[in-house]
Amino acid sequence: MSCLNQNQQPAPGTGINTAERMQPRAPGQVPPTMKNGRAVKDAGIAPEGLYRPDYRVMTPHMRSPEYVQMSTAAAITLGLVEGQMYNCSCTRCLNLLLTYPEGCRANCAYCGLARHREAERNYADRNFIRVDWPAAPMAEVVDRIAADVDNSPFHRMCISMITHPNSDEDTVTVLKTWTDRIDPDAIPISILSNPTTMTREDIVRLKDMGSDIFTVALDAASPAVFDRTRGKGVQSPHSWDTYWDAIHMARDIFGPQKFGAHLIVGMGETEREMMEVIQRLVDLGGHSHMFCFYPEKGSLMDHLPATPRDQWRRVQLARYLVDYCGVRVEHMTFGDDGRITDFGLPASELAAIVDAGIAFRTSGCPGKFAEDISACDRPYGDSPPSDIASYPFELRPADLRRVRHQLDMERPGETYVPGEELDLD
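Residues numbered from 1 in each chain as written. Predicted model: local features only at pLDDT ≥ 70, side-chain atom pairs only at ≥ 80, totals over all residues. Heavy atoms only, no water.

## Quick word on the overall build of the chain
Here is the rule we go by: Think of it this way: any DSSP run of H or I at least four residues long counts as a helix, any run of E at least two long counts as a strand, and we number them from the N terminus. Within these notes, the globule rule equals 2.2 Å times the number of residues to the 0.38 power, and the radius of gyration is based on C-alpha atoms. In this description, contact between two residues means that some pair of their heavy atoms is separated by no more than 4.5 Å. Computed by Shrake-Rupley with a 1.4 Å probe, the accessible areas treat only the displayed protein chains as cover when residues are assessed. Residues scored as charged are limited to Lys and Arg (positive) and Asp and Glu (negative), so that His and the chain ends carry no count. A single reference atom marks each charge: NZ on Lys, CZ on Arg, CG on Asp, CD on Glu.
Helix and strand counts for the chain come out as 12 helices and 10 strands. Relative to its length of 425 residues, the chain is compact, with a C-alpha radius of gyration of 21 Å against a globular reference of 22 Å. Projected onto its principal axes, the C-alpha positions of the chain cover 65 × 50 × 50 Å. Counting only contacts in the chain whose residues sit at least 6 apart along the sequence, the fraction spanning at least 24 positions is 74%. Working note: accessible area of the chain is about 17,100 Å², and carbon and sulfur atoms make up 49% of it. Once the 44 positive and 59 negative side-chain charges of the chain are each reduced to a mean point, those two points are 3 Å apart.

## Structural notes on the pairing of strand 2 (residues 93–98)
Formally: A 1.4 Å probe rolled over the protein chains alone gives each residue an accessible area, and that area as a share of the maximum for its type sets the label: buried under 20%, exposed over 50%, partly exposed in between. Paired strands, as defined in this entry, are two strands with at least two bridges between them according to DSSP.
Burial analysis of strand 2 places six of its six residues in the buried class, which makes it a mostly covered element. Side-chain alternation along strand 2 places Cys-93, Asn-95 and Leu-97 on one buried face and Leu-94, Leu-96 and Leu-98 on a second face that is also buried. Note: strand 1 (residues 67–70) against strand 2, three bridges, orientation antiparallel. Note on strand 2: the bridge partner recorded for Val-68 is Leu-98. Relative to strand 4 (residues 156–160), strand 2 runs parallel, the two sharing five bridges.

## So, the packing of helix 10 (residues 309–324) against helix 12 (residues 397–407)
For the record, the criterion: Here an axis means a line fitted to C-alpha atoms, over the contact stretch when the element is a helix, while the angle between two N-to-C directions is reported on a 0 to 180 degree scale. Each angle is binned into one of four classes, with values under 35 degrees roughly parallel, values over 145 roughly antiparallel, values of 65 to 115 roughly perpendicular, and all other values oblique. Residue polarity is assigned by list, with Asp, Glu, Lys and Arg as charged and Ala, Val, Leu, Ile, Met, Phe, Trp, Tyr, Cys and Pro as nonpolar; anything else, Gly included, falls into the polar class.
Close contact between helix 10 and helix 12 brings their axes to 8 Å; oriented N to C, the two are set at 100°. Between helix 10 and helix 12, the crossing angle belongs to the class labelled roughly perpendicular. Of the residues in helix 12, those in contact with Arg-309, Asp-310, Arg-313, Arg-314 and Leu-317 of helix 10 are Arg-402, Val-403, Gln-406 and Leu-407. Across the contact of helix 10 with helix 12, the residue classes tally to three nonpolar, one polar and five charged.

## Focus: the nonpolar core
Proteins that are soluble and globular tend to have nonpolar side chains buried together. The condition is simple: Nine residue types can take part in a nonpolar core, namely buried Ala, Val, Leu, Ile, Met, Phe, Trp, Tyr and Cys, and a core is a set of them joined through side-chain atoms within 4.5 Å.
One finds Trp-178, Met-275 and Leu-317 to be the most contacted residues of the largest nonpolar core, which totals 114 residues. When residues in this core are grouped by element, the largest group, nine residues, is from helix 8 (residues 240–254).

## So, the sheet that holds strand 5 (residues 189–192)
Read across the sheet, eight strands follow the order 3-1-2-4-5-6-7-8 without closing on themselves; strand pairing throughout is mixed. Each edge of the open sheet is held by one strand with a lone partner, namely strand 3 (135–137) and strand 8 (287–292). Ignoring strand direction, the axes of neighbouring strands in this sheet form an average angle of 30°. Across the sheet, helix 4 (residues 138–146) touches strand 1, strand 2 and strand 3, and the angle it forms with strand 3 is around 80°. Strand contacts of helix 10: strand 7 (259–265) and strand 8, with the helix running at about 170° to strand 8, the strand carrying the most contacts.

## Concerning the packing of aromatic side chains
The way to describe two aromatic rings as a pair is by their centre distance and the angle between their planes. Here is the rule: Each Phe, Tyr or Trp ring, with Trp reduced to its six-membered ring, pairs with another whose centre is within 6.5 Å; inter-plane angles below 30 degrees give stacked pairs, above 60 give edge-to-face pairs, and intermediate values give tilted ones. Definition used: whenever NZ (Lys) or CZ (Arg) falls within 6 Å of the ring centre and also within 35 degrees of the ring normal, the charge is taken to sit over that ring.
Scanning the entire structure with this criterion turns up nine aromatic pairs. The interplanar angle of 80° and the centroid separation of 6.2 Å between the aromatic rings of Tyr-86 and Phe-393 together place this pair among those described as edge-to-face. On the criterion of sequence distance, the pair formed by Tyr-86 in the loop between helix 3 (72–78) and strand 2 and Phe-393 in the loop between helix 11 (347–356) and helix 12 is long-range, its members being 307 residues apart. Assigned by exposure class, Tyr-86 and Phe-393 land together as buried. Where Phe-128 meets Trp-133, the ring centres are 5.2 Å apart and the plane angle is 45°; that geometry is what we call tilted. Look at Trp-133 and you get buried, because its relative accessible area is 4%. Counting every residue linked through ring pairs, the aromatic cluster contains Tyr-86, Tyr-380, Tyr-391 and Phe-393. Above the face of the Tyr-55 ring, Arg-121 is positioned so that its terminal group lies 4.1 Å from the ring centre. When the ring centre of Tyr-294 is taken as reference, the NZ or CZ atom of Arg-130 above it lies at 4.9 Å.

## Thoughts on the pattern of salt bridges
Applied cut-off: Here a salt bridge means any side-chain nitrogen of Lys or Arg lying within 4 Å of a carboxyl oxygen belonging to Asp or Glu.
The final tally for this structure, using the stated rule, is 31 salt bridges. Arg-105 is the partner of Glu-118 in a salt bridge, and the nearest nitrogen-oxygen pair spans 3.0 Å. Remark: Arg-105 occurs in the loop between strand 2 and strand 3 and Glu-118 occurs in the loop between strand 2 and strand 3; sequence separation between them is 13 residues. Judged by its relative accessible area of 4%, Glu-118 is buried. A salt bridge links Asp-219 to Arg-230; the nearest nitrogen and oxygen atoms lie 3.7 Å apart. One end of the pair, Asp-219, is in strand 6 (residues 213–219); the other, Arg-230, is in helix 7 (residues 223–230), with 11 residues separating them in the sequence. Assigned by exposure class, Asp-219 and Arg-230 land together as buried. Connected through shared salt-bridge partners, Arg-309, Asp-387, Arg-402 and Glu-421 make up one network.

Purely spatial values, then, with no claim about function.
Have a look at this one:
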């Protein structure tokens, strides 16, 4: 038995995360002394190279475009911090996150970066999609990549914007700092945008400067879930219509297959609602990039259950069929509660797609292996390694048995022993 198995967390269970179940807490009041990064700005500590998040010490005054944060996986791959990732030698996407003492001014209920967390933790110390995000000078990041672009492990770089008054202009500066030294054809660039502050001219500018793919973190699959988790329901500035306007502009400016939207499964939408949004994106010419809801520590939804694995697997498989196999939502059937009951393919064809395993890997902008294999593999961004939701590696036979078990699609005579995949290590 591996150490992962010994420390296994409770499984999310089966069923559906219903709207009635998935209600965020209301955000609390933030003391004036903690608002807008005041503590960091008052302390005025100058950064010195790499900063590893540590809420026990005062955070240095770091600000984009000079400084950027990156995922722990990216920092390990870049050689900035030491560490290992379960069954992964590296990540293929260098995610760069803009950073300011004031932090993100939005208040999304599921997000570790949300504004309400000012009350407990400075911005650069907040966990986000389950991990810390170290900060480093942008110049050092570029120096390390530019030193040997041909042998870089990264297949893609992504600039992640946040809701901040300087975010639009600083994204341009970060992008220019990169393209001045690194050919965008060698390492393609994605933009994870902030539609709330952006104009059409901003999107055109990013395309003209060499960006390859433009994505929108729509996250919610219906106007009601959107408003409850990232709109007026949690005192946040985003709107469903503004986000869809950005998706339409991205379609016009970046073109087919060069835009997409992030979606989070299990925040109270039905499976039918999620699949209808995915079909809408495909009909526009784009792709969906999917996350499994995980109760991020410190967020307004950290008391809620992770997405049941059977719900997640059904939507994960159905999304792959619509995005890459020509199946349409109209070919599928749904139960009265919106649950997928038929995927719209003959059983033999469906079994072959399940057995290939690609449908269950992390989805996102493509890398250099194949169009349906994401560079943005986000190792364990939506689950612990002991209960993987999105696989950042090629599934092994034991992983496939687990997935078939979760889908209730086991082969005749096949038995999955819970945790057997963890005993491979």
